[in-house]
2 protein chains.
Amino acid sequence: MFTGLSAFALTPLDDDRLDEHAYAKLITRLAGSGVDSIGALGSTGSYAYLTRGERARVAALAVQNAGDTPVIAGIGALRTRHVLEHADDAQQAGVRAVLLAPVSYQPLSDDEVYHLFERVTAGLSVPLVVYDNPRTTGFTFTDDLYAAVAKLPGVASIKVPPLPADPAIAHDRVTALRTLLAPEVTIGVSGDQVAAVSLRAGCDAWYSVIAGTLPDLALPIVRASSPVVAKAASDRLRPLFELFAAHGSLRVVAVIAEHLGLTGPACLPPPLRPLDAAAHHAVLQALATIDATPPA
Amino acid sequence: MFTGLSAFALTPLDDDRLDEHAYAKLITRLAGSGVDSIGALGSTGSYAYLTRGERARVAALAVQNAGDTPVIAGIGALRTRHVLEHADDAQQAGVRAVLLAPVSYQPLSDDEVYHLFERVTAGLSVPLVVYDNPRTTGFTFTDDLYAAVAKLPGVASIKVPPLPADPAIAHDRVTALRTLLAPEVTIGVSGDQVAAVSLRAGCDAWYSVIAGTLPDLALPIVRASSPVVAKAASDRLRPLFELFAAHGSLRVVAVIAEHLGLTGPACLPPPLRPLDAAAHHAVLQALATIDATPPA
């Protein structure tokens, strides 16, 4: 469950209410695609914007529609009390693992983050993925904190921020991370644009945004017969990765999901807004360019 | 209401539940201190960590215990829907103004933040203070965005991040800000350590952390007979300001409130933690140093 391709699904809204029908369809489609796990309520799943009730419902829908594909659900919140509530709800729904980022308002100390993970893991009956995403949480893990948190009971994987694009530097970084972690703790990368490089550098998993909407374009990177083929499969997606960098991956995959008929046109929670017409058009053009490029 | 000293109160918890008795006492004490307004549910009031029910209750308690002192209540949240709910609740409670920061998880665009403020101000019957705090929100206003948001109906004041400590540079910055804003929109500063400089530089208000717990030490800075006296009143507090920089002002004022018997020992919402013994001791030593320093 903590290796290979984990596809992080959008949580589509319709008029600012959970679009349960669209979500169930998204999850069913992912389960049929052959991904190794489904990430519900990740950053791409807008977990931070949703109420407790909405999150409990999303976790339940994910499990009900994922078949045999294991579901990992995000449980992050600003307040520890609420993290524990989300953990209870997610486990009640039957998720196979939870994902926790140290979401911050007041900048947190390493000690505060360690105690958060200690408190949460003490009460879990499923494994936990440590989620390090400084861009959204405002918190940056040190290597010492990785090592300390990874020793807590049930910690199964660490989802690290994008690694350097240079293969040699990425390899050195993964090697350094390995020395911090017990062998059973996997290293997963976010940052779709560096997934191929990161897997080649030794990462065990790719916690993927694009796989949540376009699993058939992400799987060739993970299942490639050689690093050269994986790189070609990744290079093919470059037009989208450039738009991810310009607009945020969430807003871009929301356009794609709408274009594919998977969601309505305003599926993100305000204040997040759909891309403007020019950016929307650029996303569709990128998709057309990818379609016109032969697969690796 | 949008000039002079605004005292931002802690929202004390007890065993992770709202300590209503302590909060009512804090507000009564502030109202009796002579501050110009009371800030409820600011960053110092842990608004971002509290539930809708807790926030509605805090707003009501603030209004009920503030007497004639106007209450400004924070309404920020990650999702626009929740901001609007907090605005309704705060107005129902009788607050005289609201304070809104563009709290972020996904980094927000200027356009998204503008539309957030447009949406919220359209439904308000009380004035709004624009709250710019990049350290907690992850969002940085441009001057163009200040100018655009300040034109929205009911925008009464902008709470800006700490100005430069150099008086001439601070003065230039306030002068530049003035050119962006209608004359009736006041400029208030956060960053207690630069309050004296900022008021001298032309700021109209000080949105103050320390005044929420030690109003008698903050008022002399605002009411000083001359800039020299204000600077001396500010310099006297330097031992505390250094601890604010080291540990975050919220954790420091929590120690002071406990020391004064205003709150219990663990009044912050986890994952925030009380300062450790050494830092706690340093806060008490700073208070003793200030006590031993003659007032300006």
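Cut-offs and rules
- Residues numbered from 1 in each chain as written.
- Chains lettered and ligands numbered in written order.
- Predicted model: local features only at pLDDT ≥ 70, side-chain atom pairs only at ≥ 80, totals over all residues.
- Heavy atoms only, no water.
- Least-squares fit on C-alpha atoms with pLDDT ≥ 70 in both.
- Contact = heavy atoms within 4.5 Å.
- Helix = DSSP H or I, 4+ residues; strand = E, 2+ residues; numbered from the N terminus.
- Buried < 20%, exposed > 50% of the residue type's maximum accessible area, 1.4 Å probe, protein only.
- Lys, Arg positive; Asp, Glu negative; His and termini not counted.
- Salt bridge = Lys/Arg side-chain N within 4 Å of Asp/Glu carboxyl O.
- Polar contact = N/O pair within 3.5 Å; in protein donor to acceptor, adjacent residues only side chain to side chain.
- Buried area = accessible area lost by both parts, 1.4 Å probe.

- Looking up chain A in an unreviewed UniProt entry gives the name Dihydrodipicolinate synthase family protein, with the organism given as Actinoplanes sichuanensis.

**Remarks on the relation of the copies chain A and chain B**
Part 1 of the reasoning: For the pair chain A and chain B, the relating rotation is 180 degrees, the translation along its axis is 0.0 Å, and the fit reaches an RMSD of 0.0 Å. This pairing of chains is accounted for by a two-fold axis. Taking C-alpha positions as the reference, the residue of chain A nearest the rotation axis is Gly138 of chain A, at 3.5 Å.
Part 2 of the reasoning: Mapped onto chain B, 100% of the interface residues of chain A are again interface residues, and the two copies thus contact each other with one and the same surface.

**Quick look at the side chain of Arg55 of chain A**
Residues and elements named next belong to chain A.
Part 1 of the reasoning: By the secondary structure assignment, Arg55 is in helix α2 (residues 52-65).
Part 2 of the reasoning: It is Asp89 that comes nearest to the buried, bridge-free Arg55 among opposite-charge side chains, at 7.6 Å.
Part 3 of the reasoning: Polar contacts involving the side chain of Arg55 include one to the main-chain carbonyl oxygen of Gly76, which spans 2.9 Å.
Part 4 of the reasoning: When neighbours within four sequence positions are excluded, Arg55 is seen to be in contact with Leu41, Tyr47, Leu50, Gly74, Ile75, Gly76 and His86.

**Things to note about the interface of chain A and chain B**
The extent of an interface is frequently quoted as the accessible surface area lost upon association of the parts.
Part 1 of the reasoning: In this assembly, 37 residues from chain A lie in contact with 37 residues from chain B.
Part 2 of the reasoning: Buried area between chain A and chain B, both sides added, is near 3500 Å², and the carbon and sulfur share of it is 49%.
Part 3 of the reasoning: The interface formed by chain A and chain B contains 10 salt bridges.
Part 4 of the reasoning: Arg251 of chain B is the salt-bridge partner of Glu112 of chain A, the closest N and O atoms lying 2.7 Å from each other.
Part 5 of the reasoning: Inspection of the chain A/chain B interface yields 28 residue pairs in polar contact (both at pLDDT 80 or more).
Part 6 of the reasoning: Elements with a contribution of two residues or more to the side of chain A that touches chain B: α3 (80-93), α4 (110-122), α5 (134-137) and α12 (249-259) of chain A.
Part 7 of the reasoning: Ranked by the residues each element gives to the side of chain A that touches chain B, the list is headed by α4 of chain A, at 4 residues.

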